[in-house]
Amino acid sequence: MSPSKLNPTDSCEHGDESSSYPQSDNGFPDSVSLIHSEKAVQELLQQTPIQGTDDHLIEFSEALRTVAKALRRAAEGKVAAQAEAAEWKRRFELESARNLQLEHRERIQGECDRDFNDKKIENSANKPVMWNQTHERSEDCCMEHGICSHEVLRDGGTDSDSNMVNKMMRKASFKLSWWCKGENDDQHKHDIVSFERGNITTAERSSKQISLKWESCPQTVLILTKPNSTSVRILCAEMVRWLKEHKRLNIFVEPRVRGELLAESSYFSFVQTWDDDREILRLHMKVDLVVTLGGDGTVLWAASMFKGPVPPIVPFSLGSLGFMTPFYSEHYRDCLDSVLRGPISITLRHRLQCHVVRDSARNEYETEEPFLVLNEVTIDHGISSFLTNLECYCDNSFVTCVQGDGLILSTTSGSTAYSLAAGGSMVHPQVPAILFTPICPHSLSFRPLILPEHVTVQVQVPYNSRSPAWVSFDGKDRKQLAAGDALVCSMAPWPVPTACQVDSTNDFLRSIHEGLHWNLRKIQSFDGPREQ
């Protein structure tokens, strides 16, 4: 059939869209202008087939399908390149911030050396002040025996803000160290394997219990509470009064809580708060300890307030289940007294750092602000009735295509939350890993995965997806992912340190026993038949 016999209504049905393509000599649209994206190819392939199509048109259709596959591979390569560029950009920013801090520390050290020399000349008869040597000895001690607070709570702010805060308030310093069964362990577990005499043997694992020891007394406490609870409000007022009168601490609360305290009594006028989000970003430079009164949601809220380093958190259980809240509010005086005196066992709960990379980004550096999640990031189909179609990559290696209700990327702390309900495994919170859990996959062989902490996971909505996807971060900040958009997740460098009542393993097992009644079953009767 000649091209002149094509149905004339085909062009009319597409209106201006089809008429905008330039025509070639044989009457067909110019393929170079028409196939400018995979979307145009898919639309052309989905048109109503023409009756009596000859072999040439069949060959042309197959060629279009080949081009569509090539465009799809090019789009996947683009997303992978964007994710890799975003990761390199993040590493470059972290390295730049670290270099700036080192330069700032060296500059301060040089100024201290000059001041020390001047004082030594002026006060030659008196005993010289050895501040710099003490400072160096303190840093050497930290390097040899543990993890210092300035390494855990590293700040990326400006020097002027840091100097201003240091003049107003000095944070308490602490040191983290490994210990096992109540005894300090001087051997640092940097060597995972040894090759003595040609035999490969694993060394002691580095995931032992972590102990926090205060090197100076805490001075400032931030109290975060669950809203709309009378019992929590009463406990908060009682705790603020006790911390001020018996421990002489500076108290920070949310503006809402300060208003509630002042409405109860003008006695609480000493309680401090913040006015805007800029002050929240500098809270970790003022606060030594965070106390939460609520459930796991209050701990998630506390972690979300700190976009970088997080002070140690003491969570009190005033919620429903409480996998991250081991302390009971009835004994808050004894608990806080023990925490402030130290040392205490802590659990470093890892967080995920998530970037949304839009397909419309003009370059690989044009990404949205990152999100930090303590539990999980969830990708689902939203209100659409279609299956979610997601292409997943791990360090640029193809993993699988998810077709179902969605996908959960969870931390080990979030393994007892949404991931558990979707069939994922419960994992000890101190295990550094990323849980890859599908939500109702339309496949009998799709089982959950547990990936190592160092990988970068990329999830992209393909161009041929029937509907967009929706992503939420710890159940908040819901965003739409259109075709071509991608989500890039990796382990964040700032964990959330939470205090333990006993140790991390004891608290974890107790939480799944009491919260989930894990493996609760009647014991088998002993008076039955016995094996001969």
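Here is what the cut-offs are and how they apply
Residues numbered from 1 in each chain as written. Predicted model: local features only at pLDDT ≥ 70, side-chain atom pairs only at ≥ 80, totals over all residues. Heavy atoms only, no water. UniProt positions renumbered as here; feature names shortened; annotations may be inferred. pLDDT = per-residue confidence, 0-100. Contact = heavy atoms within 4.5 Å. Core = buried A, V, L, I, M, F, W, Y, C linked by side-chain atoms within 4.5 Å. Buried < 20%, exposed > 50% of the residue type's maximum accessible area, 1.4 Å probe, protein only. Helix = DSSP H or I, 4+ residues; strand = E, 2+ residues; numbered from the N terminus. Axes fitted to C-alpha atoms, helices over the stretch in contact; angles between N-to-C directions. Parallel < 35°, antiparallel > 145°, perpendicular 65-115°, else oblique. Nonpolar A, V, L, I, M, F, W, Y, C, P; charged D, E, K, R; others polar. Polar contact = N/O pair within 3.5 Å; in protein donor to acceptor, adjacent residues only side chain to side chain. Pairing = 2+ DSSP bridges. Phe/Tyr/Trp six-rings, centres within 6.5 Å; stacked < 30°, edge-to-face > 60°. Salt bridge = Lys/Arg side-chain N within 4 Å of Asp/Glu carboxyl O. Expected span 1.5 Å × (residues − 1). Arc of directions from axis to C-beta.

The protein chain is annotated in an unreviewed UniProt entry as NAD(+) kinase of Tripterygium wilfordii. One UniProt comment on the protein chain, placed under Catalytic activity (unreviewed entry), says "NAD(+) + ATP = ADP + NADP(+) + H(+)". Taken from UniProt, the Sequence similarities (unreviewed entry) comment for the protein chain reads in full: "Belongs to the NAD kinase family."

Caution applies to low-pLDDT parts of the model: their predicted coordinates are not meant to be read in detail. Summarising the model, the protein chain shows a mean pLDDT of 78, and 71% of its residues fall at 70 or more. Across residues 125-167, where pLDDT falls below 50, the model places 54 contacts with residues more than four positions away in sequence or in other chains.

The next subject is the nonpolar core. I223 and F316 are the most contacted members of the largest nonpolar core, which has 38 residues in total. For this core, the element with the most residues is helix α9 (residues 230-247), which contributes eight residues. Discounting residues that sit within four places of it in the chain, I223 has contacts with C236, M239, V240, L243, I251, F252, V253, E254, V291 and L293. Judged by nonpolar contacts, the second largest core, of 28 residues, contains V356, C392, F446 and V461.

Running from amino to carboxyl end, α9 crosses helix α10 (residues 255-264) at an angle of 80°, the nearest separation of the two axes being 11 Å. Viewed along their axes, α9 and α10 adopt a mutual orientation that is roughly perpendicular. For the pair α9 and α10, the contacting residues are R233, C236, A237 and V240 in the first and V257, E260, L261 and E264 in the second. Looking at the contact of α9 with α10 residue by residue, the classes come out as five nonpolar, no polar and three charged.

On to unusual backbone geometry, then. Residues G342 and P343 are joined by a peptide bond in cis, for which omega reads -10°. Phi at D477 is positive, roughly 50°, even though this residue is not glycine. Counting through the fold element by element, D477 comes out in strand β22 (residues 476-481).

Topologically, N250 is positioned in strand β8 (residues 250-253). For the pair formed by N250 and V287, sequence separation is 37 residues and the distance between their alpha carbons is 9.0 Å.

This next bit is on the environment of K247. Looking at the element boundaries, K247 is found in helix α9. Along the primary structure K247 and D337 are separated by 90 residues, whereas in three dimensions their C-alpha atoms are 8.7 Å apart. Ignoring any residue separated from it by four or fewer positions in sequence, one finds K247 in contact with W242, D337 and L340. Engagement of the side chain of K247 in a polar contact is seen with the side chain of D337, the distance being 2.4 Å.

A few words on the pairing of strand β23 (residues 486-491). Burial analysis of β23 places six of its six residues in the buried class, the great majority of the element. Pairing of strand β13 (residues 352-357) with β23, which is carried by six bridges, proceeds in the antiparallel orientation. Residue pairing in the sheet places H355 in a bridge with V488 of β23. For strand β20 (residues 457-460) and β23, the ladder comprises four bridges, and the chain directions are antiparallel. Along β23, the bridge assignment pairs V459 with L487.

Another point: the packing of aromatic side chains. For the structure on display, the rule yields eight aromatic pairs. Judged by centre distance (5.5 Å) and plane angle (80°), the rings of Y267 and F270 are edge-to-face. With centroids separated by 6.4 Å and ring planes inclined at 40°, the aromatic side chains of F268 and F270 adopt a geometry described as tilted. The exposure class assigned to F268 is buried, which follows from its relative accessible area of 0%. For F270, a relative accessible area of 22% translates into the label partly exposed.

Here we take up the pattern of salt bridges. The tally for this structure, following the rule as stated, stands at eight salt bridges. Measuring nitrogen to oxygen at the nearest pair gives 3.0 Å for the salt bridge that ties E238 to R333. In this pair, E238 sits in helix α9 while R333 sits in helix α13 (residues 332-341), placing the two residues 95 residues apart along the sequence. E238 gets classed as partly exposed once you look at its relative accessible area, which sits at 35%. Overall, R333 belongs to the partly exposed group, its relative accessible area being 38%. R358 serves as the salt-bridge partner of D485, at 2.9 Å between the closest nitrogen and oxygen. Of this pair, D485 sits in the loop between β22 and β23 while R358 is found in the loop between β13 and β14 (371-373), placing the two residues 127 residues apart along the sequence. The same class applies to D485 and to R358, which are both buried. Each of K247, D337 and R341 takes part in a single network of salt bridges with overlapping partners.

Attention now goes to α9. The end-to-end C-alpha distance of α9, which contains 18 residues, comes to 25 Å, matching closely the 26 Å that a straight helix rising 1.5 Å per residue would cover. Among the residues of α9, V232, L235, C236, A237, M239, V240, W242 and L243 are the ones counted as buried. Those residues of α9 hidden inside the fold are in contact with β7 (220-225), β8, α10, β9 (289-294), β10 (313-317) and α13. After α9 finishes, the residue R248 shows a positive phi value of roughly 55°.

Here we take up helix α15 (residues 504-516). Across its 13 residues, α15 extends 17 Å between first and last C-alpha, which sits within 8% of the 18 Å expected from 1.5 Å per residue. Among all positions in α15, only S504, D507, F508, S511, I512 and G515 are buried. In a view along the axis of α15, the buried residues occupy a sector of 125°, so they form one face of it. The inward-facing, buried residues of α15 abut β6 (209-214) and β12 (344-349). The distance from a side-chain oxygen at the start of α15 to the backbone nitrogen of T505 is 3.1 Å, and the residue carrying that oxygen is D503. Of the residues flanking the end of α15, it is H517, one or two places downstream, whose phi is positive at about 50°.

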